[in-house]
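Structural characterization, general
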Amino acid sequence: MMELRKTLAGRIALTAVATVILLFLALPIVVIVVTSFSSNAFAQFPPEVWTLNWYKALFADGSKWPAALSLSALIAALSTVFSLIIGVTAATALTRSELPLRSAVYALVLGPLVIPQIVTALGLFLLFEPAAMLGSPLAIALGHTVLASPIAVLILIATLRGIDERLEDAAASMGAGRLTIARRITFPLAAPGMIAAAIFSFITSFDEFYISQFLSSVDTVTLPVRVYNSLTFEIDPSVTAVSAILIAFAILALGLVALVRWLGSGRQNSLLSVETATGVATPGGDAI
């Protein structure tokens, strides 16, 4: 009984500590969202009067926010495509081939996550400036790919390692070639991971500030740079509305990732059950 009480008390204490930590982490988000509905131009919390004026101001005539939003979306879309190409290629090479110096290649791919972003941004500026590509959405997208592609590689490596190779071996034993196995087995099972990699790559590019600041021009201002300029050079309470929208977008994206990965795990389990039931291979790898 005494051990039960200690266990119960420990669980209660752990739950309380975890709740406090989660509330502490979520508090700034809650403050931003609530403040976005304040009628005070100086972002008062808590609001005395609730209003949607700052959300309406985002899309009013003459507002600069829609242009920044559309540019960030375009750049993030391009960066996502580039990151997926690099991610699928690198993850496949690192998990499905006997690549020499695999550890060195893995460290090189993940290098941009270790190097400070401002150093990466300065290096990209020195690279694109002689080519007269500063202010080009393509240049900014390529710069964002440097940071987004390692995240895509990490997610896809974990996804490919989580795919049971017995399914690929079973297809190979029935005469399927590598391209057929990749097209009919590997990539369909890796689709949830690819979607997750695309979402995280999009978010990484959409929220990137340093590279956008170094590579942007007067005519190409992304949303993070616009937010920084609004907070630095003027008092624009619409920033709180933009922040609340970005928070909602991030929450929806994470929910979508969780849903996709759950559906993908169920699909692989169903294929494994069919494989075992039809006698293609047993868990030990022998045909029935």
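Residues numbered from 1 in each chain as written. Predicted model: local features only at pLDDT ≥ 70, side-chain atom pairs only at ≥ 80, totals over all residues. Heavy atoms only, no water.

Worth spelling out the cut-off: UniProt positions are given in the numbering used here, feature names are shortened, and annotations may be inferred rather than shown by experiment.
Per an unreviewed UniProt entry, the protein chain is named ABC transporter permease, and its organism is Streptomyces aurantiogriseus. Taken directly from UniProt, the Sequence similarities (unreviewed entry) text for the protein chain runs: "Belongs to the binding-protein-dependent transport system permease family."

A closer look at empty space enclosed by the protein
Formally: Think of a 1 Å grid over the protein atoms and nothing else: a 1.4 Å probe that fits but is trapped marks a cavity, an open set flanked by protein within 12 Å on at least five of seven lines marks a pocket, and residues with an atom within 4 Å of a point count as lining. Grid points are joined across faces, edges and corners, and a volume is the space filled by probe spheres set on the points. Each helix is a run of H or I in the DSSP string that is no shorter than four residues. Each strand is a run of E no shorter than two, and both are numbered from the N terminus. Under the grouping applied here, Gly and all other residues not named as nonpolar or charged are polar, the nonpolar ones being Ala, Val, Leu, Ile, Met, Phe, Trp, Tyr, Cys and Pro and the charged ones Asp, Glu, Lys and Arg.
In total, this model carries two cavities of 30 Å³ or more according to the counting rule given. Computed from the structure, the largest cavity encloses a volume of approximately 50 Å³. Listing elements by their share of the lining of the largest cavity, those giving two or more residues are α3 (65-96), α6 (137-162) and α8 (178-207). With four residues, α3 is the single largest residue contributor to the lining of the largest cavity. Across the lining of the largest cavity, the residue classes tally to seven nonpolar, two polar and no charged. Its boundaries defined by the atoms lining it, the second largest cavity holds a volume of some 40 Å³. Considering the residues around the second largest cavity, the lining is formed by Ile203, Phe206, Asp207, Leu246, Phe249 and Ala250. Of all the secondary structure elements, the ones that give two or more residues to the lining of the second largest cavity are α8 and α11 (238-278). In the lining of the second largest cavity, the residues fall into five nonpolar, no polar and one charged.

Comments concerning α8
To keep things clear, this is the line we draw: One fewer than the residue count of a helix, multiplied by 1.5 Å, yields its expected span. Fitting axes to the seven residues ending at a residue and to the seven starting there, one defines the bend at that residue as the angle between these axes.
In a regular helix each residue adds 1.5 Å, so 30 residues correspond to 44 Å; α8 covers only 38 Å between its end C-alpha atoms and thus falls short of that length. Within α8, the axis deviates most sharply at Ala191, by approximately 50°, and proline Pro192 lies no more than four positions further along.

Quick notes on a nonpolar patch on the surface
Heads up, the condition is: Patch definition: residues above 30% relative accessible area lacking any salt bridge, with like charges linked at up to 9 Å and the nonpolar side chains Val, Leu, Ile, Met, Phe, Trp and Tyr linked at up to 5 Å. The Shrake-Rupley method, run with a 1.4 Å probe sphere, supplies the accessible areas, and residue values consider only the shown protein chains as cover. Salt bridges are defined as contacts in which a side-chain nitrogen from Lys or Arg sits within 4 Å of a carboxyl oxygen from Asp or Glu. The buried label goes to any residue with under 20% of its type's maximum accessible area, the exposed label to any with over 50%, and the partly exposed label to all in between, with areas taken from a 1.4 Å probe on protein chains only.
A cluster of nonpolar side chains, Val17, Ile21, Leu22, Phe24 and Leu25, forms an exposed patch at the surface whose accessible area comes to about 550 Å². Accessibility expressed as a relative area gives 48% for Val17, which makes it partly exposed.

Some thoughts on the layout of surface pockets
Taken as a whole, the second largest pocket spans an internal volume of roughly 300 Å³. For the lining of the second largest pocket, the secondary-structure elements that each account for two or more residues are α8, α10 (223-233) and α11. Ranked by residue count, the leading element in the lining of the second largest pocket is α11, at five residues. Taken together, the residues of the lining of the second largest pocket sort by class into ten nonpolar, one polar and one charged.

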